Each structure stands twice: as C-alpha cells, then as structure tokens.
Amino acid sequence: MDFALFVQYALSGITVGSVYAIVAIGFNIIYCTTGIINFAQGEFLIVGAMTAISLAEVAPLPVAILGAVLITTALGAVVELVFIRQVRNASVLRLIIITIGLSIVMREVMLHIWDEQVRSLPYFTGTEISTVTILGAHISPQVLWVLGVSAVIVAALTLFFRYTTTGRAMRACADDRMAARLCGVNDRWMVTLSFMLSAGMGALAGCVVSPITQTQYDMGAPLAIKGFTVAILGGMGNSMAAVAAGLFLGLLEAFVVSVLPSSYKEVAAIVVLLLILVFRPSGLFARRDMSALRTA
Amino acid sequence: MRTRLAATLGVLVLVCAVLVSGCKKSPEAPAPKQAAPGAPPIKVGAIFSITGPASFLGAPEAKTVEMFAEKLNQSGGVLGRRIELLVRDSGGSPEKAISLAKQLIDEEKVLAILGPSTSGESLQIKSICQEGQTILLSCAAAEEIVVPLASYVFKTPQKDSQAAQCIFNTMKDLGITKIGVITSNTGFGKGGKAHLEKMAPENGVEILVNEVYEKEATDLTGVLTKVKGAGVQAVVNWSIEPAQGIVAKNMKQIELNVPLFQSHGYGNIKYVQGSGEAANGTIFPCGRLLVADSLPADHPQKALLTQYKKDYESRYGEDASTFGGHAYDAILILTEAIKKAGSTDPKAVRDAIENLQGLVGTAGVFNFSAQDHNGLGLDAFEMLTVKDQKFAIYQK
C-alpha cells in the first residue's frame, strides 16, 4: 500500500469515527446523571437535523441550527417530564425500556411529519465536492467541522461537570441520588436538565453530521447503536474517552476494509467490543477504581 | 397515581399517533362512485409498501393507481363497470404481504393484485396468486418474479439483467474494461451483484474490486479507497437510497475521478438533490419518464409520459418517479386486458395480457407473450446522466 493510500484509509477512518464519537457523547450525559442509557438518543439526533433542515429553508444556516438545538432541547425536557419523571421508584432497567419505547414513538411521529424522504443540510463550508488535501489524501471539510464541534462539546462538558455547581450536582446524583438529595440537590431537575443537555447536544451532532450521513426518519437507531458501542468502548460516562474510542473504532474499520472484504468491517468492530467487555469491562480508558465506585 | 398519569399520557400519545396515521390515509379512500350504476364494480386489489423502509416505492405507487382508477371511473370505467380498488399497506414486510394477498384472494375475491412494491414480497406471494388463480402484476424489479414463469404472474418494471446490459454497452462505447463494483446487502443489491458478476466476462469487462456494504452505511470512503487503490476505470454502485447519494459524494471527496454508474434504482430526482453537485456526471439506465420533456415529439411514449407526469405532479404536488410509473403500467395493462378480453373472467384476462402487443406504458412499449411476462426489451431503457443536478439523456 503506498503512503497516499494509507493516509486516505486513515482519513476515511477519521470521517466515520468522528460521527461515532459525536453520537457517543450524548449517551454519556444522561448516563452521567441518571445511570440510564437513553436509547432515544439517535432519535434526538434526527429530530435535530430534520428541524434544522426545515428551518434552513426560511432562515440562514446558523440560525436554523440554533433553532433546532433549542427546539430539541425543549423536546428533551418534555420527554423527561412526561415519561421519565412520572415513573417513580423505577428501576434503571425499566427506564431504559421506556427510552426504547420513546425511540419508536418518535420515529413514527417523524415519519408523519417529514415523510420517508432522505434529506440533508448543506455543507457548512464548501460543497459536496470540496476537499481538503492532507499528505496527498483527501477529506471533506465537513469532517473537520464534526471534529471541531466534538472538541468544543467535550471541552464545554468537562468544564461544566467539573467546575460549575450545577454540573457537580448532576454528577452527585449519578453517584448517589439519596445522598445528593440530602445535600440539598434538587435531583429531579438535574435529571430533566440532563435530558435537555443530551437532546440539545444530540441535535447539534445531528446537524453537523447531516451533510455527511444524510438524514432519514429511521436513521437514528443504526447511528445510536454505533454511538452506544463507542460509549461502552471508551467507558460509559467519559466524553473524552468516547471521542478517542470513536476515532479508534473508525480507524479500525477503515483498515479492516483495506485487507478484508468490507462485509467483515462490522465483525471486527463487534469482536473488539467483545474483547473489551471481557478484559476491560469498564472501558478502554476508564480507571478500574472509578467504575468500582459506581457499581458499589 | 403518578404511574397512572404516565400510563394515561402514554396511551394518549399512542392514540394520537394512530389518529394521525388514520388521517393521513383517508385521502387514499376509493374514488367517488361515478360510472355505470347498477353493474357490480370490478374488484382489484393492490399491495404496496406505503409506509416503512420501502415507502419511497409504495407511496407513489399507491397514489398513482388511485389517480388512475378515479380518472377511469369518471370516464365510465371498464366494460361499463367501475373499478373498485382495495389498496393495502404491507409496510414492506413479506409476512404481511402474504396475509394481505390471502385476504384479497379468499375474502375479497379480487380479479387481480397490483404490486407488491418490493421483490422480496412479490416472490413470497407469487405461488399464492398462482394457486388462487389471481392475476399478479408486480411492480418490483427482480427477474425471479417471472423466471421461472408462473402463468398468472406478471411484472411491469424492466429487468435487472437488462439494466446491467445497458451499463456494459455504455462501458464498451467508452472503452472501459476494468471496473469496481460496490453493492448494498439488500435483495436489490444482491440481485444486481449477481447479474454484474455473471455478465462482466461476456462483455469483456474485468471486475477488480467487488465489495458489499451494509445498507445503513453512512460513509463509504473506506470501500471507495480500496476501489481507488485497485486502479479501476469506472465504478458501478447497485443499491437503493441513501447509499446512492453517499457514493457520489464520497467519490468526489477522495478524488476518485472515474465515471460512476448507478442502477435503475436511481430514478428519483430527490436522490440527485441529496448529493448536490457531486451527482453531476452519474450515468444510469432508466425508463424515459424522467426525461419525458426532452424526448423527441414523435417518440411513442412522449404523450403518455408527459400526461402522467403532469397529472401526478399537479395532483400530489411532488415530483413523479419511475416507481409510480410501474404501478401506472400495472393498472394500465390490467384494464387494457379486460377491455380486450371483454370479460372479467381471470383466465380470459390472463390470456389477454399474454396477447397484448405494442402497449405503450411508462417503462417502455410492452410486447407480452406466453414466454415473456415482462414484455419489455432492452430499448425500454435509456442511458441517463445528471447535468446541473437535472436528469438528461446521456450522450457520449
């Protein structure tokens, strides 16, 4: 394999990996606060992208995206208030099943609002055919947008969870909800806030990846499955690790394609996931003592 | 109390969803009764995947047959009898198609079934219709629907193998001998892959890279890098959306600057819009519906195509696609055969279809025979290309 081709595979891996990573971040936010995995995360992405596509017809792109993020954030709040909050003393498992149900309802409602057609947002910079050349290989500028937005989201989340009172309160709820409540944290609103945050982040992610992946009402689930795999791979609850794991998985898939038929790509991804679950169940980048604390 | 509230709300949302879906379907109700009072209507069933993953096929198909039947009934129907359409939604599921077909045949005793939209469904109900002596006019592509022959089963779209042949013919013109083939892991993709593999040697073309990708794939630069590394002269992609748009974009993005051929499944302007500038230059075989306006005035299909396009677009406010055209052909063939047979006896109508010659439809000019239940030749395809994000007739 010559060098340019090698770089091209790497860039292709980064393209796919960046999408995985940005989806995975959304899973982590809700998990951080509630310990539940929101299987409707993929649908938040599509709702966000679809809303932005509709708004982009009447408003400039940045405004459309901002509007979509706000609308989806509100939807996240509604979802939590109507479906999650009403179920009191529910086990984590029951809440997870509820999110699965929600994803189905949201998918069907989207089918009725936006029909079955494939849509996409315009490229943020350049067009479908513009490329950035790196070391003799080519990559779409949109991928750089995805990476940039992921970086900003991760940085913002890290600062938020580490240094703000609200962020700390959210983390406290995840560790021990009762203890957090005893310390005066309004735990219910923290959960609502986490749904709003992850819906908003999901919408932003959906908008940024839309030019690359295109958007269709039922695309949420496959995106979410990959995002979930990556979140597990990196270690649930750790956004920075999710980005690293996303890029890792993307690169792995790209180089598997270079030597094996591309149908084996998924096999490679799942084998790696199995190995991680067996040998490092808390994730590639998680510290063992941390996860021990969480499950205790 | 709170759990109860949640449950009530949940039920409420579900009810709303059902109501919404109900409302959406109501405009598809049977046409107003106009023709010939007294005579019993002719019952015709239709199974389309109006919702679900293949809704891009089924939705325009259902709309088309409803439009056709309504127009026909207003002008007096067939043999002085009204056509009563019983349109059913299979959601693209073969299991559902089976139970719908049984219901239409056993309970409604329909003369014929239009559809289904997908090859998988059509193959599942092929034997049911044959046993029930009910005419099936499938709107799906797979060749296996009419090979081996079942006497009551017909299909209206062009054959996959003819599409592949048209692609190879164009390659011959361009002097292309080394290609990369990428297909999605759907029934449609597998069928295309098999035909391309079988026919390539006969046409002096060598397939250097032959890759299958998942139908949910959102980025194909990895596979295309492999194609690029092999040094091909052209790429053939055989899939349905959204991969069709993604391939075009990714090829331009990694600067794989060789011609891109797509299957006849590319026939919807939405796919072109989905990949913007990147779609320009894509070459694919297709029926002439998409280029109806640029056909020469004396072309036999011109009048019918422009009329259908105009009717459909003014009634539904969306672009006509070749898929709706397949359903148009199905109901056209059926009504012409009923007229010719002068009765609604299934056997007589079936025989009449086999004797239809030179019938102009949207896909091409149909010449049926006892051996050919598709009736279309290679000339039903035109090689099209995309120019400035619009379909145009391909010229070397």
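Criteria and cut-off values
Residues numbered from 1 in each chain as written. Chains lettered and ligands numbered in written order. Predicted model: local features only at pLDDT ≥ 70, side-chain atom pairs only at ≥ 80, totals over all residues. Heavy atoms only, no water. Helix = DSSP H or I, 4+ residues; strand = E, 2+ residues; numbered from the N terminus. Buried < 20%, exposed > 50% of the residue type's maximum accessible area, 1.4 Å probe, protein only. Contact = heavy atoms within 4.5 Å. Patch = residues over 30% accessible without salt bridge, like charges linked within 9 Å, V, L, I, M, F, W, Y side chains within 5 Å. Areas by Shrake-Rupley, 256 points an atom, 1.4 Å probe, with all protein chains shown as cover. Salt bridge = Lys/Arg side-chain N within 4 Å of Asp/Glu carboxyl O. Domains from an automatic or database assignment. Buried area = accessible area lost by both parts, 1.4 Å probe. Phe/Tyr/Trp six-rings, centres within 6.5 Å; stacked < 30°, edge-to-face > 60°. Lys NZ or Arg CZ within 6 Å of the ring centre and 35° of its normal. Axes fitted to C-alpha atoms, helices over the stretch in contact; angles between N-to-C directions. Parallel < 35°, antiparallel > 145°, perpendicular 65-115°, else oblique. Nonpolar A, V, L, I, M, F, W, Y, C, P; charged D, E, K, R; others polar. Pairing = 2+ DSSP bridges.

## Regarding the environment of Tyr316 of chain B
All names here are of chain B.
Next, step 1: Residue placement: Tyr316 occurs in helix 10 (residues 302-316).
Next, step 2: With a relative accessible area of 23%, Tyr316 lands in the partly exposed category.
Next, step 3: Sequence spacing of Tyr316 and Lys63 is 253 residues, and the spatial spacing of their C-alpha atoms is 8.1 Å.
Next, step 4: Excluding residues that lie within four positions of it along the chain, Tyr316 makes contacts with Lys63, Glu66 and Met67.

## Here's the deal with a nonpolar patch on the surface
Residues and elements named next belong to chain A.
Next, step 1: The grouping of Val259, Leu260, Tyr264, Val267, Val271, Leu275, Val278 and Phe279 at the surface amounts to a nonpolar patch, some 780 Å² of accessible area in total.
Next, step 2: By residue number, the principal contributor to the nonpolar patch is helix 11 (residues 265-279), which donates 5 residues.
Next, step 3: Its place among the elements puts Leu275 in helix 11.
Next, step 4: Accessibility expressed as a relative area gives 46% for Leu275, which makes it partly exposed.

## Quick word on unusual backbone geometry
Next, step 1: A cis amide bond links Gly115 of chain B with the next residue in sequence, Pro116 of chain B, at an omega value of -5°.
Next, step 2: Structurally, the position occupied by Pro116 of chain B is in the loop between strand 3 (112-114) and helix 4 (119-131).
Next, step 3: Of note, the amide linkage connecting Val147 of chain B to Pro148 of chain B takes the cis form, showing an omega dihedral of 0°.
Next, step 4: Mapped onto the elements, Pro148 of chain B comes out in the loop between strand 4 (135-138) and strand 5 (153-155).
Next, step 5: Despite not being glycine, Gln214 of chain A has its phi angle at roughly 65°, a positive value.
Next, step 6: Secondary-structure assignment places Gln214 of chain A in the loop between helix 8 (187-213) and helix 9 (220-234).
Next, step 7: The buried category is assigned to Gln214 of chain A, whose relative accessible area is 2%.
Next, step 8: One non-glycine residue, Gln389 of chain B, lies in the positive phi region at around 60°.

## Quick look at the domain arrangement of chain B
Size of an interface: often given as the accessible area lost when the parts come together.
All names here are of chain B.
Next, step 1: What the domain assignment reports for chain B is domain 1 (42-158 + 301-378) and domain 2 (161-286).
Next, step 2: Relative to domain 2, the C-alpha centre of domain 1 lies at a distance of 29 Å.
Next, step 3: Opposite the 12 residues of domain 1 that make contact, domain 2 presents 15 residues.
Next, step 4: A combined buried area of about 1,100 Å² lies between domain 1 and domain 2, and 55% of that area is made up of carbon and sulfur atoms.
Next, step 5: When the buried surface of domain 1 facing domain 2 is broken down by residue, Phe56, Glu143 and Leu378 rank first, second and third, together holding 43% of it.
Next, step 6: Counting the contacts that link domain 1 with domain 2 gives 0 salt bridges.

## Considering the packing of aromatic side chains
The way to describe two aromatic rings as a pair is by their centre distance and the angle between their planes.
Next, step 1: In this structure the tally under the stated criterion is 17 aromatic pairs over all chains.
Next, step 2: Ring geometry for Phe154 of chain B against Phe368 of chain B: centres 5.8 Å apart, planes inclined by 85°, an arrangement best described as edge-to-face. Of this pair, Phe154 of chain B sits in strand 5 while Phe368 of chain B sits in the loop between strand 12 (365-366) and strand 13 (382-387), placing them 214 residues apart in sequence.
Next, step 3: Classification of Phe154 of chain B as buried rests on a relative accessible area of 0%.
Next, step 4: Classification of Phe368 of chain B by relative accessible area gives buried; the value is 1%.
Next, step 5: A cation sits over an aromatic face here: Arg85 of chain A above Trp189 of chain A, 4.4 Å from the ring centre.
Next, step 6: Stacked on the ring of Tyr152 of chain B, the Lys or Arg Arg350 of chain B has its end atom at 5.8 Å from the ring centre.

## Focus on the pattern of salt bridges
Next, step 1: On inspection of all chains with the given rule, the structure shows 19 salt bridges over all chains.
Next, step 2: The closest approach of N and O atoms between Lys226 of chain A and Glu266 of chain A, which form a salt bridge, is 3.0 Å. One end of the pair, Lys226 of chain A, is in helix 9; the other, Glu266 of chain A, is in helix 11, and 40 residues separate them in sequence.
Next, step 3: A salt bridge links Arg315 of chain B to Glu70 of chain B, with the nearest nitrogen and oxygen atoms 3.3 Å apart. Here Arg315 of chain B, found in helix 10, pairs with Glu70 of chain B, found in helix 2 (residues 55-74); they are 245 residues apart in sequence, far enough to count as distant.
Next, step 4: Judged by its relative accessible area of 36%, Arg315 of chain B falls in the partly exposed class.
Next, step 5: Bridged by salt links that share partners, the residues Lys347, Arg350, Asp351 and Glu354 of chain B form one connected network.

## Some remarks on the packing of helix 2 of chain B against helix 10 of chain B
Residue and element names in this part refer to chain B.
Next, step 1: As a packed pair, helix 2 and helix 10 sit with axes 11 Å apart at the nearest point and diverge in direction by 105°. Between helix 2 and helix 10, the angle is such that the two are roughly perpendicular. Across from Pro60, Lys63, Thr64, Glu66, Met67, Glu70 and Lys71 in helix 2, the residues of helix 10 making contact are Gln307, Tyr308, Asp311, Tyr312, Arg315 and Tyr316.
Next, step 2: Here the contact of helix 2 with helix 10 is built from residues that sort into 5 nonpolar, 2 polar and 6 charged.

## Describing the sheet that holds strand 3 of chain B
Residues and elements named next belong to chain B.
Next, step 1: The sheet built from 5 strands is open, its strands ordered 2-1-3-4-5 with parallel pairing. Both edges of this open sheet fall to strand 2 (83-89) and strand 5, since each of them pairs with a single strand only. Taken over all neighbouring pairs, the strand axes of this sheet differ in orientation by 20° on average, direction set aside.
Next, step 2: In the sheet, strand 3 pairs with strand 4 via 3 bridges, with the strands oriented parallel. Within strand 4, the residue paired with Ala112 across the bridge is Ile135.
Next, step 3: Set on the sheet, helix 2 makes contact with strand 1 (42-48), strand 2 and strand 3; between it and strand 2 the angle comes to about 170°.
Next, step 4: Helix-sheet contacts for helix 4 involve strand 1, strand 3, strand 4 and strand 5, and the interaxial angle to strand 4 is about 160°.

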